[in-house]
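# Chains, contacts and geometry: an overview
Each chain is listed here by its residues.
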Amino acid sequence: MSDVVDHLAQVNSAIAEAAVAAKRPAGAVTLVAVSKTFPAEAIEPALAAGQRVFGENYVQETREKWPALRSRYPDVELHMIGPLQSNKAKDAVQLFDVIESLDRSSLAKELAKEMTRQQRRPKLLVQVNTGAEPQKGGVLPEMVDAFLAECRDLHGLAIAGLMAIPPADEPPAPHFALLTTIARRNNLAVVSMGMSADFATAIAMGATHVRVGSAIFGTRSKA
Ligand SMILES: *Cc1c(COP(=O)(O)O)cnc(C)c1O
């Protein structure tokens, strides 16, 4: 368990170093600690060490793990980073502070409905499929501007930024550059990109949020 604290400290200093190297101000990059598949006992030490922003991929797992942790650490900020089914929009609005995986009209519609019903407004990021991979969620790069307009004009949703997961078998830098370009063009402040293997590159290319799991919590037995 103290491994988690050590690894967290290492990741935080690597983030600070990458930010300095990129001439970006201290605090320009937020670490989203990705705790999917890890039990509350593994997350506790990170919370005790001061980490407050976490990412999860599954609604059900989040519902089982986080309410108890949140009652002890009320200032936790939970990010939904996994694919989200429209029929889970209700739970997602209830459980998460940021939803990073908004990627289609039907989901935008459900989220808008639930946000009005629950009077709860998680921040929303649009996921972009920068590699146009058929098996991956996300809006195609050339469709993002239109999708943002639709979210705003049709569903009344304010979008805070963009998220992407580059193809596993390609250098990530061009994908990071593309995501930053689309975000700037649309005046979006939040750019969520970079994972354990490539967060320093992502920071060099403008990430405001990096999502780091295995470098903190260790290897996962399942996805
Ligand atoms: C699992 C996951 C991560 C973390 O990946 P690591 O390689 O373990 O750092 C980041 N983003 C998303 C969307 C994920 O599903």
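Reading the values: rules and limits
Residues numbered from 1 in each chain as written. Predicted model: local features only at pLDDT ≥ 70, side-chain atom pairs only at ≥ 80, totals over all residues. Heavy atoms only, no water. Near = heavy atom within 4 Å. Polar contact = N/O pair within 3.5 Å; in protein donor to acceptor, adjacent residues only side chain to side chain. Nonpolar A, V, L, I, M, F, W, Y, C, P; charged D, E, K, R; others polar. UniProt positions renumbered as here; feature names shortened; annotations may be inferred. Helix = DSSP H or I, 4+ residues; strand = E, 2+ residues; numbered from the N terminus.

## A look at the site of the ligand
Around the ligand sit Val34, Lys36, Asn57, Ile81, Ile165, Met195, Ser196, Arg211, Val212, Gly213, Ser214 and Arg220, and that is every residue in its neighbourhood. Take Asn57: an N or O atom from its side chain is 2.8 Å from an oxygen atom of the ligand. Residue Ser196 places a side-chain N or O atom 2.5 Å away from an oxygen atom belonging to the ligand. The class makeup of the residues in the shell around the ligand is five nonpolar, four polar and three charged.

## Here we look at the UniProt feature "modified residue: N6-(pyridoxal phosphate)lysine" (unreviewed entry) in the protein chain
UniProt's entry tags Lys36 with the feature "modified residue: N6-(pyridoxal phosphate)lysine" (unreviewed entry), counted in the numbering of this structure. Following the sequence through the fold, Lys36 ends up in the loop between strand 1 (30-34) and helix 2 (40-48).

## Some words on the UniProt feature "domain: Alanine racemase N-terminal" (unreviewed entry) in the protein chain
In the UniProt entry, the feature "domain: Alanine racemase N-terminal" (unreviewed entry) is given for residues 19-220. Taken end to end, residues 19-220 is 40% helix and 17% strand, and its two terminal C-alpha atoms sit 27 Å from one another.

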